[in-house]
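Coordinates in review
So the chains spell out like this:
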Amino acid sequence: ERLVVLITGCSSGIGLSLAVRLAADPRGAYKVYATMRNVAKKERLMECVKGSRKDTMDVLQMDVTDQQSILEARDMIKEKRVDILVCNAGVGLIGPLEVQSLEVMRQILEVNVLGTIRTIQAFLPGMKARRSGRVLVTGSVGGLQGLPFNEVYCASKFAVEGVCESLAILLQHFNIHVSLIECGPVNTNFLANLRRPEPDEETLTRVDPRTRALYDTYLQHCDEMFQDAAQEAEDIAEVFLEAIRSQSPALRYYTNSALLPLTTLKLAARDGSQYVKSMSQFVFSSHKAQEP
Ligand code: NAD
């Protein structure tokens, strides 16, 4: 019997790649429900699965911030079950904290935290009743350690870590496995979709010059990170597959070993001072405008 997989946020990026990879499985082992907030954006996905065998994929509308749309999508599943739930939908937010509007911060938390929780809530009773299931979540380095100018995004991804780690403990008793696929930079629409104050926005001109200079340095650092260390969405899909195929999946999978030293540093010095110092050096060392 085919494994039924439901993925959120499939119009682009990691969600799209994973949907394509599973739908094109040579053994036809998966039935994929690729969900997206706006089904008008399904063309790219459809283009990518052209040529793979028929009826391995259905596209469903699902906005993770809309409870009704989650339940409606659930009702559309022909098999009446989901074996593997992939909570992938997410949005980034960068910029000096003091310019972030309450409205935008709420949106980020709404999608990343409550969206993930709501999706899990909808499929958990079924998995518990069947005493089987997988919950896979697209995690982030920003969920493991703080990153400057990413305070709200990190808060949201730290929250997701808390949800998953907590659930993993309980769900052991139901033969349900929770796994986080922890990503560093990935070449997707993430940067384009990322929320940030516009450079010409009035709010940003109100920020003190030192913060603005450091923010510029951060943006350069970000560009460099994406140029030097970014992975492709297809690489991330492979790590998802590793977790899916494992008989006893781990709670965390790290997709990018180049970033592990900083994560390890955080764990090694528990008072956090080493991490704060090293991260600051890592991000801002090229910063020219040192304060006199
Ligand atoms: P992406 O922007 O291409 O994909 C995110 C998807 O989520 C988009 O298809 C978007 O439409 C969807 N989405 C946003 N709000 C939604 C909502 N309310 N309901 C349903 N779908 C919604 O970027 P991506 O890199 O593929 O992002 C996927 C996940 O990976 C996110 O959770 C992100 O936080 C995480 N991540 C990305 C990176 C990176 O560098 N790209 C790094 C670490 C973690």
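Scroll up to find the structure.
Described in the following lines is the structure provided in the data block. (Residues numbered from 1 in each chain as written. Predicted model: local features only at pLDDT ≥ 70, side-chain atom pairs only at ≥ 80, totals over all residues. Heavy atoms only, no water.)

**Section: the site of the ligand**
Looking at the ligand, there are 29 residues lining it, with Ser12, Ile14, Tyr153, Thr188 and Asn193 nearest. Between the ligand and isoleucine 14 there is a distance of 2.8 Å, counted from an oxygen atom to a backbone nitrogen or oxygen. A distance of 2.9 Å separates a nitrogen atom of the ligand from a polar atom in the side chain of aspartate 63. Look at the ligand: alone it shows 810 Å² of surface, and the protein chains cover 96% of it. Those elements giving two or more residues to the shell around the ligand turn out to be helix H1 (13-23), strand E5 (133-140), helix H5 (151-171) and helix H6 (190-193). Looking at which element gives the most residues to the shell around the ligand, the answer is E5, with 3 residues. Class assignment of the residues belonging to the shell around the ligand gives a composition of 12 nonpolar, 14 polar and 3 charged. (Near = heavy atom within 4 Å. Polar contact = N/O pair within 3.5 Å; in protein donor to acceptor, adjacent residues only side chain to side chain. Areas by Shrake-Rupley, 256 points an atom, 1.4 Å probe, with all protein chains shown as cover. Helix = DSSP H or I, 4+ residues; strand = E, 2+ residues; numbered from the N terminus. Nonpolar A, V, L, I, M, F, W, Y, C, P; charged D, E, K, R; others polar.)

**Quick look at the side chain of asparagine 150**
Considering the arrangement of structural elements, one finds asparagine 150 in the loop between E5 and H5. On the basis of relative accessible area, asparagine 150 is assigned to the buried category, the value being 6%. In this structure the side chain of asparagine 150 is engaged in a polar contact, spanning 2.7 Å, whose partner is the side chain of tyrosine 218. Not counting residues up to four positions away in its chain, the partners in contact with asparagine 150 are Leu93, Ile94 and Tyr218. (Buried < 20%, exposed > 50% of the residue type's maximum accessible area, 1.4 Å probe, protein only. Contact = heavy atoms within 4.5 Å.)

**Quick look at empty space enclosed by the protein**
Summed over all chains, the structure comprises 3 cavities of 30 Å³ or more. In this structure, the largest cavity spans a volume of roughly 60 Å³. If you go around the largest cavity, the residues you meet are Val141, Leu144, Glu182, Cys183, Gly184, Tyr254, Thr255, Asn256, Leu259, Leu260 and Thr263. Residue assignment for the lining of the largest cavity shows that the elements contributing at least two residues are strand E6 (176-183) and helix H10 (260-268). Considered class by class, the residues forming the lining of the largest cavity number 6 nonpolar, 4 polar and 1 charged. One number sums up the size of the second largest cavity: a volume of about 40 Å³. Looking at the second largest cavity, the residues that line it are Cys87, Asn88, Ala89, Gly90, Asn112, Thr116, Val137, Thr138, Lys157 and Val160. Among the elements of the structure, helix H4 (102-130), E5 and H5 are those that each provide at least two residues to the lining of the second largest cavity. (1 Å grid on protein atoms, 1.4 Å probe; cavity = no way out; pocket = protein on both sides within 12 Å on 5 of 7 lines; lining within 4 Å. Points joined across faces, edges and corners; volume = space filled by probe spheres on them.)

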